Amino acid sequence: MKLVYVFDAYCGWSHGFSETLSEVGSRHPELQVEVVSGGLFTASRRVPIREFGYVQGANAKIAELTGAEFGEAYERLIADGSFVMDSEAAARGVAALRQAAPARAAELAATLQRAFYVDGLSLSDPATYRKVAEQAGLDADAVVAAFEASEVRVAAGADFHRAASLGVTGFPTLLAIDGHSVTPLAHGHATADEVDRRLATLRTP
């Protein structure tokens, strides 16, 4: 059995789920965690952030429920309103980081979300991936080169297709996959204890 985490780097609820995912991973080191980008802001949804009037209210609820931090630099982006969240670019970044350190994909996804939600950095900017890679002790030049390569565009598209094939329509979603069996463990918000209880039912003979 393995876990599949379907998220979007520009999804506030995914940012809020980062601590839960980290705790689940630390409790179950035997379970591989596959990280898949879902593609929340693509095509017609790739518009200035001011078009999403619900963002600040949703963030307040996310912070209240999860304790997630939303930094001042990010709040300035919201206030300005012109920033465009591009999930295809973010998915390329996730793929580049995942390629550099496959076993650390969940950790790096959370770090990438902090880069946006705390530091207010664009996930379309190669400099963001250089910073994240350097902080993680990875080869920053290799990560930036991967981010800009055509291969990660293919990987991003494959992620979006995999999310759809798993029937995921909202983020974050955490799934347990065992052979052909796919079991939802969390959607939107859940504690590590809640995820554990659902995992336990899968392991009961």
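The preceding data block contains the structure.
In what follows, the accompanying structure is described. (Residues numbered from 1 in each chain as written. Predicted model: local features only at pLDDT ≥ 70, side-chain atom pairs only at ≥ 80, totals over all residues. Heavy atoms only, no water.)

## Examining helix 3 (residues 72–80)
For an α-helix, 3.6 residues make a turn, and residues three or four places apart therefore share a direction. Going by this rule: The buried label goes to any residue with under 20% of its type's maximum accessible area, the exposed label to any with over 50%, and the partly exposed label to all in between, with areas taken from a 1.4 Å probe on protein chains only. The secondary structure listing takes helices from DSSP runs of H or I that are at least 4 residues long and strands from runs of E that are at least 2 residues long, numbered from the N terminus. Our arc is simply the arc of the directions from the helix axis toward the C-beta atoms. The contact definition used throughout considers only heavy atoms, calling two residues in contact when any of these lie within 4.5 Å.
Restricting attention to buried positions, one finds in helix 3 the residues Tyr74, Leu77 and Ile78. Seen end-on, helix 3 carries its buried residues on one side only, within an arc spanning 100°. Turned more than 90 degrees off the buried face of helix 3, the exposed positions are Glu72, Arg76 and Ala79. Tucked into the core, helix 3 has its buried residues touching helix 2 (55–66) and helix 5 (105–117). Phi turns positive, to about 85°, at Gly81, one or two residues after helix 3.

## Quick word on the packing of helix 4 (residues 87–100) against helix 5
Inclusion rule: Geometry is summarised by axes, namely lines fitted to C-alpha atoms with helices restricted to the contacting stretch, and by angles between N-to-C directions that run from 0 to 180 degrees. An angle below 35 degrees is read as roughly parallel, one above 145 as roughly antiparallel, one from 65 to 115 as roughly perpendicular, and any other as oblique. Note on convention: near helix rotated counterclockwise from far helix by under a right angle means a left-handed crossing. Clockwise means right-handed.
Interhelical geometry of helix 4 versus helix 5 gives an angle of 140° and a closest axis separation of 9 Å. When the axes of helix 4 and helix 5 are compared, the pair comes out oblique. Between helix 4 and helix 5 lies a crossing of right-handed hand. Contacts between helix 4 and helix 5 involve Ala90, Val94, Leu97 and Arg98 from the first element and Ala105, Leu108 and Leu112 from the second.

## Digging into the pattern of salt bridges
Oppositely charged side chains can form a pair if their charged atoms are brought close together. Note the threshold: Between Lys or Arg on one side and Asp or Glu on the other, a salt bridge is scored when a side-chain nitrogen of the former is within 4 Å of a carboxyl oxygen of the latter.
Under the criterion given, the structure shown has 13 salt bridges. The partner of Asp193 in a salt bridge is Arg27, and the shortest N-O contact between them spans 2.9 Å. Taken as a pair, Asp193 in helix 9 (residues 192–203) and Arg27 in helix 1 (residues 12–27) lie far apart in primary sequence, 166 residues in all. Overall, Asp193 belongs to the partly exposed group, its relative accessible area being 41%. Close ionic contact of Asp159 with Arg98 constitutes a salt bridge, the shortest N to O distance being 2.9 Å. Of this pair, Asp159 sits in helix 8 (residues 150–165) while Arg98 is found in helix 4, placing the two residues 61 residues apart along the sequence. The network of salt bridges with common partners includes Glu23, Arg27, Asp193 and Asp196.

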